[in-house]
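Observations on the model geometry
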Amino acid sequence: MSQAAGGPLKATGVDFLRERNAHLHHTSDYNNPSLTVRRGQEFQLKLTFSKELQGQDKITLLLSIGEKPKQSNGTLLSLNARSGREVNRWCATISQTKGKECVVVVTSPADAIVGKYLLSVKTGPNIYQPEKNCIYVLFNPWCKADSVFMPDDAERAEYVISDTGYIYVGSAKNIHGRPWNFGQFEEDVLDCCMYLLDKSQLKHKVRKDPVIIARTMSALVNASDDAGVLFGNWSGRYSGGTSPLAWTGSAPILQQYYRTKKTVNFGQCWVFSGVLTTVMRSLGVPARSVSNFASAHDTEENLKVDIYLNENGEKVEDLTSDSIWNFHVWNEAWMKRPDLPKGFDGWQAIDATPQEQSQGIFQCGPCPVNAIRKGEVYLPYDSKFVFAEVNADRVFWLVKNVNGESKYIKLREETKVIGKNISTKAVGKNSREDITTQYKFPEGDQYLECFPSNSRKQRQGLRSCYYLEVGGGVT
């Protein structure tokens with residue numbers, strides 16, 4: 001008998017069956033040599049050993065994620081391939097055995113931590129680590145138990161798989177589509193997303209939650225707090241970087257950031273949105289870019305844009321804070337919201353453009369689109385800010401000097417000038433879809449009657465001394 005046949009069992013190879021698994025997990029398009037799978041769904045590995053496998057041989061798969069993995073927090077997994085299947089837990093089961101080879105079926109739970117795992121195979125005291133031992137685990141919109149499950153095939157194809165599209169820009173009366181290459185499958189893009197997850201320093205136990213990850217990515221795509229991906233520039237001067245108008249896709253931005261670990265110059269709202277769509281789709285979360293025309297930027301959180309004029313009808317510059325932009329582009333990501341009352345699952349608004357700080361940093365959302373429509377302005381996250389972008393009133397005030405003191409006289413209030421032609425690319429077609437009614441009821445009596453009292457009182461009872469007239473700007 002040979003030494004190999006008589007010695008202890010040792011693993012000598014792992015075939016990740018990448019082509020087969022990638023097809024079943026809808027990950028064939030990723031330009032990445034490692035196995036990429038989606039959580040909540042089984043995948044197969046073919047293991048090779050130093051000798052023929054016997055029924056009493058113990059085989060354990062070790063999966064780890066993070067720098068200091070521990071079993072206590074779920075970052076170190078020990079999967080006994082002889083233990084059989086388990087529900088809603090990581091498990092491994094030998095499905096076929098032939099000579100020195102066996103096929104192991106590995107199943108992850110639908111709420112598994114999303115990220116980059118390392119694989120080892122343990123047989124008794126021996127541990128074998130393949131040369132390329134990474135397994136990327138992503139969200140799974142094909143899995144009913146995953147919180148990002150999207151039931152419609154055509155919508156999954158558009159919002160997860162499609163790597164090109166349009167972002168709508170211009171003005172309410174002159175909308176045009178800007179072609180954009182999202183490129184979520186291109187080289188280094190997924191690795192950049194994994195780098196951002198690590199850079200976020202989120203605890204691994206929350207890296208399974210698309211709500212937290214979406215909010216975190218809205219912060220990391222901009223560079224305002226954390227040396228994130230993209231630096232915003234609205235000055236019109238772009239020396240030392242690339243003009244926002246020159247970008248045609250997300251991949252070059254993310255690739256440059258990943259390879260240099262330095263913020264990329266420069267972006268404006270449609271660039272931030274394009275990059276965030278790419279990041280979310282790459283991680284497996286359905287996402288789309290959304291454009292709002294005549295978009296309010298409410299810095300005072302009073303749901304109004306106050307326009308202060310002097311007695312000559314001129315704008316009072318030193319009172320300026322709020323603004324109305326020709327258009328602004330943000331994102332929506334699809335997910336359940338178990339942290340909220342029923343009725344707020346589905347599309348969630350998120351925004352990577354650094355406009356206002358939220359909880360001390362420049363991040364925005366996720367905010368349920370249905371909450372914006374219903375006027376639920378206190379639901380997390382940042383519902384009041386997004387509500388104002390599509391629903392703020394424009395109020396004109398006359399500033400009069402009376403005995404050395406400023407007196408404010410309300411001239412008029414306009415309720416139908418903000419939030420026009422909210423647009424995104426249509427599913428399966430190179431055309432624009434108007435989704436305004438998903439954000440707001442039609443202007444008029446029906447709309448006002450449908451407002452809950454909390455948002456209506458906000459609109460009627462607060463006022464501010466800040467204004468910036470409608471201009472030709474974009475965010």
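Throughout, a residue's number is its position along its own chain's written sequence, starting from 1. Local features in a predicted model are, by the rule used here, given only for residues with pLDDT of at least 70; side-chain atom pairs are given and counted only at 80 or more, and totals for whole chains, interfaces and linings are based on all residues. To obtain the side-chain values, all non-hydrogen atoms of the structure were included, while hydrogens and water were left out.

**Observations concerning the layout of surface pockets**
Stated formally: A cavity here means a set of points on a 1 Å grid, drawn over the protein atoms and nothing else, where a 1.4 Å probe fits but cannot get out; a pocket is an open set with protein on both sides within 12 Å along at least five of seven lines, and a residue lines either one if it has an atom within 4 Å of a point. Grid points are joined across faces, edges and corners, and a volume is the space filled by probe spheres set on the points.
Taken as a whole, the largest pocket spans an internal volume of roughly 410 Å³. Lining the largest pocket are 21 residues, with Gly-74, Leu-77, Leu-79, Arg-89 and Trp-90 sitting closest to its centre.

**Section: empty space enclosed by the protein**
Cut-off, in case you're wondering: Only DSSP runs of H or I covering at least 4 residues are called helices, and only runs of E covering at least 2 are called strands; the numbering of each starts at the N terminus.
Here the structure, examined in full by the defined rule, presents two cavities of 30 Å³ or more. The calculated volume of the largest cavity comes to roughly 70 Å³. If you trace the largest cavity, you find it lined by Glu-158, Tyr-159, Thr-164, Gly-165, Tyr-166, Phe-182, Arg-281, Arg-288, Ser-289, Thr-424 and Lys-425. The set of elements that each furnish at least two residues to the lining of the largest cavity consists of α3 (153-161), β11 (164-171), β15 (287-297) and β22 (420-425).

**Considerations on the pattern of salt bridges**
Spelled out, the test is: Salt bridge, as applied in this entry: a Lys or Arg side-chain nitrogen positioned within 4 Å of an Asp or Glu carboxyl oxygen. Note on classification: 1.4 Å probe, protein chains only; a residue is buried when its accessible area is under 20% of the maximum for its type, exposed when over 50%, partly exposed between these limits.
Under the definition given, this model contains 14 salt bridges. Across the pair Asp-382 and Arg-215 runs a salt bridge whose closest N-O atoms are separated by 2.9 Å. With Asp-382 in the loop between α8 (369-374) and α9 (383-391) and Arg-215 in helix α5 (residues 210-220), this residue pair connects regions lying 167 residues apart in the sequence. Of the charged contacts in the structure, one is a salt bridge between Asp-339 and Arg-337, with a shortest N-O distance of 2.8 Å. On the basis of relative accessibility, which here comes to 42%, the residue Asp-339 falls in the partly exposed class.

**Side note on the nonpolar core**
Put simply, the test is: The set of buried Ala, Val, Leu, Ile, Met, Phe, Trp, Tyr and Cys residues whose side-chain atoms join them within 4.5 Å is what this entry labels a nonpolar core.
Ranked by internal contacts, the top residues of the largest apolar core, which has 52 residues, are Met-217, Val-229, Ile-253, Trp-270, Val-279, Met-280 and Leu-283. Breaking this core down by element, the ones donating at least two residues are β10 (134-138), β11, α4 (189-200), α5, α6 (251-260), α7 (269-283), β15 and β17 (323-335). If one sorts the elements of this core by residue count, α7 sits on top with nine residues. Listed in part, the 31 residues of the second largest apolar core include Leu-9, Leu-53, Val-106 and Leu-119.

**As for α9**
When you tally the buried positions in α9, you get nine out of nine residues, the bulk of the element. Turning to α9, its buried residues number three or more, namely Ser-383, Lys-384, Phe-385, Val-386, Phe-387, Ala-388, Glu-389, Val-390 and Asn-391.

**Notes on the side chain of Thr-436**
The following threshold applies: Note on definitions: a residue-residue contact is assigned when non-hydrogen atoms from the two residues lie within 4.5 Å.
Tracing the backbone shows Thr-436 in helix α10 (residues 436-439). Setting aside anything within four residues of it in sequence, one finds Thr-436 in contact with Gly-419, Lys-420, Asn-421 and Ile-422.

**Re the pairing of β11**
Short version of the rule: Here, any two strands with at least 2 DSSP bridges between them count as paired.
The pairing of β11 with strand β12 (residues 174-181) spans eight bridges and is antiparallel. Directly across from Gly-165, in β12, lies its bridge partner Trp-180.

**Points about the environment of Glu-42**
Among the secondary structure elements, Glu-42 is positioned in strand β3 (residues 42-49). Measuring from C-alpha to C-alpha, the distance between Glu-42 and Thr-107 comes to 4.1 Å, with 65 residues separating the pair along the chain. Leave out the neighbours within four places in its chain, and Glu-42 touches His-25, Arg-85, Val-105, Val-106 and Thr-107.

**Regarding the side chain of Ser-358**
Along the chain, Ser-358 falls in the loop between β18 (346-350) and β19 (367-368). Among the residues examined, Ser-358 registers a relative accessible area of 8% and is labelled buried. In this structure, Ser-358 is in contact with Arg-215, Gln-363 and Asp-382, ignoring residues within four places of it in sequence.

**Topic: the sheet that holds β3**
Where we set the bar: All axes here are fitted lines through C-alpha atoms, helices being fitted over the stretch that makes contact, and every angle between N-to-C directions spans 0 to 180 degrees.
Reading across from one edge, β1-β3-β7-β6 is the order of the four strands in this open sheet, with antiparallel pairing throughout. This sheet does not close on itself; its edge strands, each paired only once, are β1 (11-15) and β6 (91-98). Across this sheet, the average inter-strand angle for adjacent strands is 30 degrees, counted without regard to direction. Looking at chain direction, β1 and β3 are connected through four bridges and run antiparallel. Opposite Gly-13, over in β3, you have Thr-48 as the bridge partner.

**Here we look at the pairing of strand β2 (residues 35-38)**
Both faces of β2 are covered, namely the face carrying Leu-35 and Val-37 and the face carrying Thr-36 and Arg-38. With four bridges connecting them, β2 and β10 associate as parallel partners. By the bridge assignment for β10, Val-37 is matched with Val-137.

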